[in-house]
Amino acid sequence: MLARSAALLMATLCAAGACLAQAEAALAVTELAPGVFLHQGKVADWTPASSGDVANMGFVVGKRCVAVIDTGGTPALGRALRAAVARTTPLPVCWVINTHAHPDHLLGNGAFTTAGTDGAPAPQFVGHTRLLAALGARERYFRNALQRDFQFTPAPGDIVYPTVLVERRLELDLGQRVLQLDAWPTAHTDNDLTVYDPASRTLFLGDLLFADHIPVVDGSLKGWLAALVALRGFDVARAVPGHGAPATAWPAALGNQTRYLDTLLADTRKALADGQTLAQTVQRLGALPTSPWRLAETFHRRNITAAYAELEWE
Ligand SMILES: [Zn+2]
């Protein structure tokens, strides 16, 4: 894995006279592979205590332009990400890809709605076909949370809807670099999108993969386990989860999460077969899983509730 930082690259670019003046403080990013950059969010809740900086954000640089993959949990994070892109490369952002509709991944979108400083057109926003409805259902909550928790008053255009929709698969050409986007059946959510860069064999999984941060079921437990089986078929040199550290062992990177979700499925089915109520099931299975999972106290019992609701009528 290359460890060249964007700051080092900026110094090189500035020395070459190609540095763009940036008023915003740029996010720290790491170059995972040539042209593939990542800002790793904290393993923490999406709250002011973490500055909302909890989701991973990436970008991939082609010969013609840049694709951004998720924009972070606040408008300020989006601006800092755009500054990080600008100090890494003079190329414009042509695509902003949202991996799914959770606020920690896309509330920085508004930073990318304007044209580039060199007159390049504003980027297109890309998402799963069902991202539209999911955003529509949650926009009011997002606005309230930004106002109430982050003291940010969103403007009308700050919640940005996708203009390019992916029903199954879409290829995006960045100039001698083509990204493959896949829209998944309901798994972590009902609008999960993965981004694969064949040139570096990097797979951005959004929240189809959690590392360190306990997985959160907000779609379908059975669908997610099916997606994990299908994902094993990708040829991956590095996997980028939605939360936590990237991994190079594949498909071993899916192992911890698959075991957690498999256990949740089996234990919840057993509780249902034993005639347990929801409250009894949460009580029975509620002991918090330990290593490697963090934030289990926030999400584990909620996952049991989601699993119970899904499996109750099968
Ligand atoms: Zn998510």
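Before reading on, note that the structure itself is shown above.
Described in the following lines is the structure provided in the data block.

Here is what the cut-offs are and how they apply
- Within each chain, residues carry numbers counting from 1 in the order of the written sequence.
- With pLDDT at 70 or above as the cut-off, local features in this predicted model cover only qualifying residues; side-chain atom pairs require 80 or more to be listed or tallied, and sums for whole chains, interfaces and linings still use all residues.
- As a rule here, side-chain values cover all heavy atoms of the structure and leave hydrogens and water aside.
- Shown as donors are all N, O and S atoms within 2.8 Å of a metal ion, widened to 3.2 Å for Na, K and Ca; because water is not in the atom set, sites may appear incomplete.
- Think of it this way: with four donors and all angles in the 85 to 135 degree range, the site is tetrahedral; with four or six donors, opposite ones beyond 155 degrees and the rest between 65 and 115, it is square planar or octahedral; otherwise it is irregular.
- A run of DSSP states H or I qualifies as a helix once it reaches four residues; a run of E qualifies as a strand once it reaches two. Both are numbered from the N-terminal end.
- Each residue is placed in one exposure class: buried if its accessible area under a 1.4 Å probe, protein chains only, is under 20% of its type's maximum, exposed if it is over 50%, and partly exposed if it falls in between.
- Whether two strands pair comes down to DSSP finding at least two bridges between them.
- All axes are obtained by fitting lines to C-alpha atoms, using only the stretch in contact for helices, and the reported angles, taken between N-to-C directions, cover 0 to 180 degrees.
- By convention in this document, the label disulfide applies to cysteine sulfur atom pairs within 2.5 Å.
- For the purposes of this section, nonpolar cores are sets of buried Ala, Val, Leu, Ile, Met, Phe, Trp, Tyr and Cys residues that join through side-chain atoms within 4.5 Å.
- The contact criterion used throughout is that any non-hydrogen atoms of two residues lie within 4.5 Å.
- Any Phe, Tyr or Trp ring, taking Trp's six-membered ring, that has another such ring centre within 6.5 Å forms a pair; planes under 30 degrees apart are called stacked, those over 60 apart edge-to-face, and the others tilted.

So, about the coordination of the zinc ion. Six octahedral donors around a metal ideally make angles of 90 or 180 degrees; four tetrahedral donors ideally make 109.5 degrees. Here the zinc ion is held by His100 (NE2), His102 (ND1), His188 (NE2) and Asp207 (OD), and the distances to it run 2.1 to 2.3 Å. For the zinc ion, the 4 donor atoms are set out with angles of 87 to 165° between them, so the coordination reads as irregular. When the donors of the zinc ion are listed by position in the chain, the intervening gaps give H-x1-H-x85-H-x18-D. In this pair, His188 is assigned in the loop between strand E9 (178-183) and strand E10 (193-197) and Asp207 in the loop between strand E11 (202-204) and helix H5 (221-231), connecting sequence segments 19 residues apart. Asp207 sits in the buried class, given a relative accessible area of 3%.

Strands belonging to one sheet form pairs held by backbone hydrogen bonds; the direction of such a pair is parallel or antiparallel. Sheet architecture is open: 7 strands sit in the order E1-E2-E3-E4-E5-E6-E7, paired in mixed fashion. Looking along the sheet, the strands with just one partner apiece sit at the ends: strand E1 (30-33) and strand E7 (164-166). Taking each pair of neighbouring strands and ignoring which way they run, the sheet shows an average axis angle of 25°. Sheet analysis places strand E4 (residues 66-69) next to strand E5 (residues 93-97), joined by 4 bridges and oriented parallel.

With that out of the way, let us pick up the state of the cysteines. Inspection of every chain in the model, using the stated rule, returns 1 disulfide. Each sulfur in the disulfide pair Cys65 and Cys94 lies 2.0 Å from the other. When the S-S torsion is 60°, as for the bridge of Cys65 with Cys94, the disulfide is right-handed. Of the two residues, Cys65 is situated in the loop between strand E3 (57-61) and E4 and Cys94 in strand E5; the sequence distance between them amounts to 29 residues.

Attention now moves to the nonpolar core. When a protein is soluble and globular, its nonpolar side chains tend to lie buried together. Core analysis: the largest hydrophobic core is formed by 37 residues, its most contacted members being Leu203, Leu205, Leu221, Trp224, Leu231, Trp250 and Leu261. Every element with two or more residues in this core is listed here: H5, helix H6 (255-273), helix H7 (278-285) and helix H8 (296-311). Sorting elements by how many residues they give to this core places H5 first, with 6 residues. In this view, Trp250 contacts Leu203, Leu205, Leu231, Arg232, Phe234, Val236 and Ala239; residues no more than four positions away in its chain are not counted. Core analysis: the next-biggest nonpolar cluster, separate from the first, contains 23 residues, Leu32, Cys65, Ile69 and Leu179 among them.

This next bit is on the pairing of strand E6 (residues 124-128). Each regular strand carries side chains that alternate between the two faces of the sheet. With respect to burial, E6 is a largely interior element, 4 of its 5 residues being buried. In this sheet, E6 lies alongside E5 in parallel orientation, the contact comprising 3 bridges. Within E6, the residue paired with Ile97 across the bridge is Val126. Of the strand pairs in this sheet, E6 and E7 are connected by 3 bridges, and their pairing is parallel. Each residue of the ladder has a partner; that of His128, found in E7, is Val166.

Let us now look at the sheet that holds E11. Strand order across the open sheet formed by 5 strands is E8-E9-E10-E11-E12, with mixed pairing between neighbours. Unpaired on one side and paired on the other, strand E8 (169-173) and strand E12 (238-240) mark the two borders of the sheet. Going from strand to strand, the sheet's axes swing by 20° on average, the running direction of each strand aside. Two strands pair when backbone bridges link them, and E11 and E12 are joined in this way by 3 bridges, in the parallel orientation. By the bridge assignment, Thr202 is partnered in E12 with Arg238.

A word on the packing of aromatic side chains. Inspection of every chain in the model, using the stated rule, returns 7 aromatic pairs. With centroids separated by 6.1 Å and ring planes inclined at 65°, the aromatic side chains of Tyr260 and Trp293 adopt a geometry described as edge-to-face. Linking Tyr260 in helix H6 with Trp293 in the loop between H7 and H8, this pair joins segments that are 33 residues apart in sequence. Residue class for Trp293 comes out buried when judged on its relative accessible area of 11%.

Mapping Leu172 onto the fold places it in strand E8. On the basis of relative accessibility, which here comes to 2%, the residue Leu172 falls in the buried class. When sequence neighbours within four positions are dropped, the list of residues in contact with Leu172 reads Trp95, Ile97, Val126, Arg177, Val178, Leu179 and Leu181.

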